[in-house]
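Descriptive structure summary
Here is what each chain is made of, one letter per residue.
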Amino acid sequence: MKLKVLGLILFIVGLSMAAAYTPALLRIQHPKDVPSEGRLRWHAQHAKADGSKKVKLPTLMYDYAGSTQALDINQALFTYTVLLARPIEKRSYEYTTNDIITWYKFATIEALSDTKEPPCSTCDTLAPPPEMFPLKPSEFLMVRNGGSLIVDGVEVEQEEPGYPPFQEGQDYLLLVSKYPSGVATTAGGPLGVFTLDDTGKATPINSRNHLLKDSFKNQFASSVNHLRAKLRQLR
C-alpha cells in the first residue's frame, strides 16, 4: 500500500534514536551504528541475536498544526468539531523502513457540536488503507505515529513521547477536523485528546501545560456535562 506524505498536519522537527529502553527490552549497545534507513529491521535483527522477542523504539519527533498557537477552549470550540468517541479497530503499517503508523477506526458516541469546516481544507493528504472501509455514518478514521508490528519474528513497538496510543474500549473527548474522506485530525495532536472516566470527567492525554487545557479546566471544571451545556447554547 502506497501512502502519501503527511502534509501540514505534522512535520518532522527532530529525531532521537538514543532513547532509553526498559530493562525487559533490548538495549542498543552501539547506537552510532544504527543505519539511516532500515532501522526497524536493524533493531529487530539485533533483538533476535540478543534473544529478545520485543524491542521498543521512539518515533520521530513531531510538531502538530495548532500545537504552538495560543489556542484557548473558546477558540477551539468555534474551530473544531467536538465529539465523544471510542476506538473500535486499529491496524499498524510500516510507513517507511524506519517508522510505523497506526490507523484507528472510531465510533462516535455523541456529537457535542455541529460539524465544522476544517481550518485547512487541503491538509487531508494521507490515504487511508482500503481495508479500513466501509465506514458507517457515525465512524471516522485517525492516523497516529507509532504502533506495533512483527518484524523478522520480533515485536517492534514505536510510541510517540507525550502521545500514548489510543486504547480500544476507552472513551475520548476529541476536538477534531473531519474531512470528506472519512479521516479526522485532532487539534494540535495530543492537545485535542482527553480521556473520559465514568463520572464524565475529561483528562488531557498528557500533562504538558497549554492554554487550551488550562482554559478547559478553569471554565468547565473538566466536565463533559458543563461543556455539553455550553455547546447547546451555541447551536
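Up top is the structure.
Figured I'd write up the structure that's included with this text. (Residues numbered from 1 in each chain as written. Predicted model: local features only at pLDDT ≥ 70, side-chain atom pairs only at ≥ 80, totals over all residues. Heavy atoms only, no water.)

Residues in a regular strand point their side chains to alternate faces of the sheet. Of the pairings in the sheet, the one linking strand β9 (residues 172-178) to strand β11 (residues 193-196) comprises three bridges and is antiparallel in character. Opposite Leu173, over in β11, you have Phe194 as the bridge partner. Between β11 and strand β12 (residues 202-204), which pair antiparallel and follow one another directly, the connecting turn spans five residues, one of which, Gly200, has a positive phi of 85 degrees. (Pairing = 2+ DSSP bridges. Helix = DSSP H or I, 4+ residues; strand = E, 2+ residues; numbered from the N terminus.)

Let's shift gears to helix α4 (residues 224-234). Listing the buried residues of α4 in full gives Val224, Leu227, Arg228 and Leu231. Along the long axis of α4, the arc covered by the buried residues comes to 100 degrees, so they all point the same way. Exposed residues pointing more than 90 degrees away from the buried face of α4 are listed as Arg232 and Gln233. The N-terminus of α4 is capped by Ser223, whose side-chain oxygen sits 3.2 Å from the backbone nitrogen of Asn225. (Buried < 20%, exposed > 50% of the residue type's maximum accessible area, 1.4 Å probe, protein only. Arc of directions from axis to C-beta. Polar contact = N/O pair within 3.5 Å; in protein donor to acceptor, adjacent residues only side chain to side chain.)

Residues Val82, Leu112, Leu173, Leu175, Phe216 and Leu227 are the most contacted members of the largest nonpolar core, which totals 20 residues. Where this core is concerned, the elements lending two or more residues are α2 (73-79), β4 (81-94), β9, β11, α3 (211-220) and α4. The residues contacting Leu227, other than those within four sequence positions of it, are Leu77, Val82, Leu112, Leu173, Phe216 and Phe220. One finds Ala85, Phe106, Val176 and Ala184 within the second-largest nonpolar core, a separate group that totals 15 residues. (Core = buried A, V, L, I, M, F, W, Y, C linked by side-chain atoms within 4.5 Å. Contact = heavy atoms within 4.5 Å.)

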